Every structure is written in structure tokens, then in C-alpha cells.
Amino acid sequence: RLQRQHTTELEGEAGGRSRRGCCSRRAEAGERACSGRKRRQRRESMPQTPPFAAMFDSSGYNRNLYQSKEDNCGGLYYHDNNLLSGSLEALIQHLVPNVDYYPDRTYIFTFLLSSRLFMHPYELMAKVCHLCTEHQRLSEPGTDKSLIRKIAPKILQLLTEWTETFPYDFRDERMMRNLKELAQRIANGDEMYRKNVQQIIQSLIRKLASLGQYEEVLAKINATSTDRLTVLTAKPQAIQRDIITVCNDPYMLAQQLTRIELERLNYIGPEEFVQAFVQKDPLDNDKSCYADQKKTRNLEAYVEWFNRLSYLVATEICMPVKKKHRARMIEYFIDVARECFNIGNFNSLMAIISGMNMSPVSRLKKTWAKVKTAKFDILEHQMDPSSNFYNYRTALRGAAQRSLTAHSNREKIVIPFFSLLIKDIYFLNEGCANRLPNGHVNFEKFWELAKQVSEFMTWKQVECPFERDRKILQYLLTVPVFSEDALYLASYESEGPENHIEKDRWKTLRFVSKVIGINKSTE
């Protein structure tokens, strides 16, 4: 479901990638080196929760993460103090806090993200609840209150991490039920903990309600924007007003595009990246972990937005009757794309370039002859797919570095070219096995996966600094766009076919258009 325009380039990058076991060799070496090692240092207080940007160092994970818990390597294998693999049961145990231990946020995020490849989130929650209540004796009526005071804040902190970072897990009623039961045990008899529990649950309910409202808005937008092939029997200039009449300032349009991008990014949950590639666990006889869950489609909706923007750009260029108006529209979108680059909105930038490179647009040679293309050539060079998008990746690193030292929300904006981000995560998932030959979870792979996703999490939390313009947003989101066939027909009407293939296609499209027009008129 990635963007059509880039399928060839994206698939071409797969050739040099290794497939299975690229991470397993180091993990197996770590298992041998770890045998018999003991870690006896204890952590007496909970760590502060850092922002996502501080979670992972350049190697992909926190190198001092696992010196704090006395676990006798019980099913967990390390190399140079880094966790490389472990049994699923041992990893679950490592997630659960006790009186002397609280897991680092890097581990919490990485395990909650990757565990869904092996078990349902509600199954993990059930195991966590069991370990918390049974091992910490929270289920016993006469439990020492001083013990509860030591462990309760840590369990509440873990629940806070889970509900804030993976709120969509709790659309499952079983998750919500387990959450409330565990929270009730902790809060029983203590007013302060009861208030903390209420805050966690109320915050979670607000997030889920916001998601529900967002999905309703998307459904309405999709219902109002329809295909346009059927109206091509009308005169092109009578079809609709163009984007320039709605917004004649390319800088303003770039800002409103950025608003749309940031809003849609914000609703994508980190688990959706894993969900997109989830497969049946070979050690599990059950069906896929997501077969019976309500699916969140924010990631797919974002890819559909890219495609819509590409087709909108092509529609706006092919629609004008006069050559000078088409040339003006091309130059307008070049300016919009350049401002998107300056803002750090690489997704809209690539969508605009894709629309301008679609065949119905690129074949308009007489129109392009009237366009000053120097600025467009620079933008195409920046997004050149050769060398695995080297130029773009360099620009993205620059924008990410600017974001880290930014003093304003505008400087913090980093909106990656999304289908390339998905491709990177896809090949990381395909290139390394989830489990090692001994059945242990290949955690080194999931450190790297979490590093990539956590960077995205930082970018999606940026508040948009640009004021909302409802008129422009309404146009961008709901104005009907041409289908591919309609684009070709409009293109041939503007500049006639140049060869027999184009002539045959033009005749076919005109015939289909007339038939549709007749059918519509007789309804």
C-alpha cells in the first residue's frame, strides 16, 4: 500500500539487504559470553522519565541499562552490559517492578512495542497484573502498608507509561478491565493512590475519545471527496475553482499542509508500525495477535493522504485550459514544495514532487517549456532516490539536529518522507529473525526497531505553530480530485496525443467518459 510513484525505487533498495539472522550472530555470542554472569547492583529509586529524544544513544539503546538488577542472567543474555536476547517469560519478569527495582524507560518502550509480535497486549497485561499482585502479595488482605507504599508508585508509573505511550491497546475491553482491577488493588484504602489511579484512567479515556472523534472526521472527509471522471463531459473551466483562487500565497499553503501532516502524524500509535508487519509467531499455535482486535487505521490513512495530495497537485495542473495557466500552477507548486523543504515537511514535499512527475503532467512538454525549472531541479535533487535517498537522509539528519536545539516549535518540525520510514522499518523487520534458534527473543533487533520508532515519536509530538485557515484546509481535504484515467484525459485535451499508443488511449477514455455521462443523465 505504499505510494505507487515510488514502488520501483523502494523495492530496488532491498537487493543489498541480508535477510534472516543478521542480528542473531551477535546475540548468540552474547549468550555464550553471558553464561554464569551475575549482576548485584540494585537501584533504590525510580528513574525520572526522559523525553523520547533522550531515550536512545547513538548505538540504539542505553548502554548502562542492565547493571542495576540482580537477575543472575535468569533467561536474559547480555554482551558488554547490553541485553541481546532472552526467553519471553524472563523478559516479562524484567518488565515488572519490585521494591528494589524499576525498569528503565528504554526497556519499557522497547518491550511493550515488540512483545505484540509474540502475544496479545491483553495477555501481557494479564501476566503483569498477576506478577504484581501475587509476587508483591497485593492480593493478601493483611499486606504490610509500608510494602504497598514502596511498590505502589512503581506499578502506577509503569501503568502510566503504558497508557500514555500505547493508549490504543486499551480499546480492548480486556485491557481496560485488567487495568482497573490492578489499579483498584493498589488504591484500596489510600486516598492519594486513588487520585493517581483516577488521573491515569481519565487521561486514557480522553485519548481514546479523541481518537474516536478523529476517526469520525476522517470518515466524513472521505465521504465528501469523490472521484471526478464522471464530470469530464463538462467544460474543464466550469468544473471547480483552483487552489490559487483559494490561497494565492504558496508559503501559506505550505503551512496549512504542515498542519494536516502534524495532525495526522499525531494520531499514529507506535504499535501501528509493528502491526503493519505482524505475522503469526511460529511458536504460537494461535492465530495472529491482531486477528480479533479493532484495527486502528491511522498509518494507512496517512499514506492515503500522501496519495491524495499527489493527485490533487496533478489535478490542479492538468485542469486549466490555457497553457500559461498550467505553467503558472506548476511554478506555484514549486514554490509550495520549496517552502515545505524549508519548514522540514518532507512528506508534503515528496507528495508534490510525485504529483508533478506523474505521466499526465510530465508529458505536457509545451507547458513545461514555459516554466522556470531551476528551483524544481534542486528539489528533485534533494529527494533523489539514488544511493538509498542519500541526499534526503542528509537533509533529514540536518532537520533532526535543528529540532534538538530549537527554541521555537517552528524549528522543531521534522516530518519525514513517510513511505521511506515504513520501508526502513519493513526491511529491519525482514532482515532479522524475531527469535533465535534456541527460541529466545532476539532483543537486539527490537532495540533497533524501538530506536527508529522513538525518533518518530519525538517528531509527532511537536505542536503546530501555524494558525489554522479553515477555508484552505477544507479545500485541501475535501475538494474532489481526478482519477488516473481522468488525469490522462484532461492531459490529452490540453496537449494532444503524440503517438499511436496515446491516441488509442485517448479514444478509449473519451468513449468511456461519454458512456458514463449518458448513464448519469438517464438515472
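Residues numbered from 1 in each chain as written. Predicted model: local features only at pLDDT ≥ 70, side-chain atom pairs only at ≥ 80, totals over all residues. Heavy atoms only, no water.

Topic: the pairing of strand β2 (residues 82–86)
Across the 5 residues of β2, 5 count as buried, placing the element largely inside the fold. As judged from the 4 bridges shared by strand β1 (residues 76–79) and β2, these two strands associate in the antiparallel manner. Counterpart to Tyr 77 in the pairing with β2 is Ser 85. Counted along the chain from β1 to the antiparallel partner β2, the turn is 2 residues long, and its residue Asp 80 has a positive phi close to 55°. Direction of pairing for β2 relative to strand β3 (residues 441–442): antiparallel, over a ladder of 2 bridges. Within β3, the position partnered with Ser 85 by the bridge is Asn 442. (Buried < 20%, exposed > 50% of the residue type's maximum accessible area, 1.4 Å probe, protein only. Helix = DSSP H or I, 4+ residues; strand = E, 2+ residues; numbered from the N terminus. Pairing = 2+ DSSP bridges.)

Brief notes about the pattern of salt bridges
Side chains that differ in sign of charge can pair as their charged atoms come close. Taken as a whole, this structure holds 15 salt bridges when the rule is applied. Its salt-bridge partner being Arg 297, residue Glu 304 comes within 2.7 Å of it at the nearest N-O pair. For Glu 304, a relative accessible area of 37% puts it in the partly exposed group. We note a salt bridge from Arg 393 to Asp 424, for which the minimum N-O separation is 2.9 Å. Taken together, the residues Arg 393 in helix α18 (residues 386–404) and Asp 424 in helix α20 (residues 418–431) connect sequence positions 31 residues apart. Since its relative accessible area comes to 14%, Asp 424 is described here as buried. One continuous salt-bridge network, built from bridges that share partners, spans Arg 393, Lys 423 and Asp 424. (Salt bridge = Lys/Arg side-chain N within 4 Å of Asp/Glu carboxyl O.)

Thoughts on a positive patch on the surface
A cluster of basic residues, Lys 322, Lys 323, Lys 324, Lys 366 and Lys 370, forms a positive patch on the protein surface. Here Lys 366 shows up in helix α16 (residues 365–368). In this structure Lys 366 comes out as exposed when scored by relative accessible area, which is 55%. (Patch = residues over 30% accessible without salt bridge, like charges linked within 9 Å, V, L, I, M, F, W, Y side chains within 5 Å. Areas by Shrake-Rupley, 256 points an atom, 1.4 Å probe, with all protein chains shown as cover. Lys, Arg positive; Asp, Glu negative; His and termini not counted. Charge placed at Lys NZ, Arg CZ, Asp CG, Glu CD.)

Describing the packing of aromatic side chains
Considering all chains together, one arrives at 21 aromatic pairs under this definition. Note on Phe 443 and Phe 446: the rings are 6.5 Å apart at their centroids and 70° apart in plane angle, and the pair reads as edge-to-face. Highlighted residues: Phe 443 and Phe 446, both in helix α21 (residues 443–460), separated by 3 residues, approximately one helical turn. On the accessibility criterion, Phe 443 (0% relative accessible area) is buried. Relative accessible area serves as the criterion here: at 1%, Phe 446 is assigned to the buried category. Across from the ring centre of Tyr 488, 3.6 Å away, lies the NZ or CZ of Arg 505, which sits over that ring. Taking the ring centre of Trp 506 as reference, the NZ or CZ of Arg 510 above it sits at 4.8 Å. (Phe/Tyr/Trp six-rings, centres within 6.5 Å; stacked < 30°, edge-to-face > 60°. Lys NZ or Arg CZ within 6 Å of the ring centre and 35° of its normal.)

Points about the sheet that holds β1
Sheet strands associate in pairs through backbone hydrogen bonding, adopting either a parallel or an antiparallel arrangement. The sheet built from 3 strands is open, its strands ordered β1-β2-β3 with antiparallel pairing. In this open sheet, the two edge strands, each paired with only one partner strand, are β1 and β3. Sheet contacts for helix α3 (residues 88–95): β1, β2 and β3; angle to β1, the most-contacted strand, approximately 80°. (Contact = heavy atoms within 4.5 Å. Axes fitted to C-alpha atoms, helices over the stretch in contact; angles between N-to-C directions.)

Examining helix α4 (residues 105–114)
Counting buried residues along α4, 10 of its 10 residues qualify, which places the element largely inside the surrounding structure. Those residues of α4 not exposed but buried are Arg 105, Thr 106, Tyr 107, Ile 108, Phe 109, Thr 110, Phe 111, Leu 112, Leu 113 and Ser 114.

A closer look at the nonpolar core
In this structure, Leu 253, Phe 333, Met 356 and Phe 418 are the most contacted members of the largest nonpolar core, which totals 146 residues. Tallying contributions element by element places helix α12 (residues 298–318) first for this core, with 13 residues. The contact partners of Phe 333, leaving out residues within four places of it in the chain, are Ile 243, Leu 253, Val 313, Glu 316, Ile 317, Ile 352 and Met 356. (Core = buried A, V, L, I, M, F, W, Y, C linked by side-chain atoms within 4.5 Å.)

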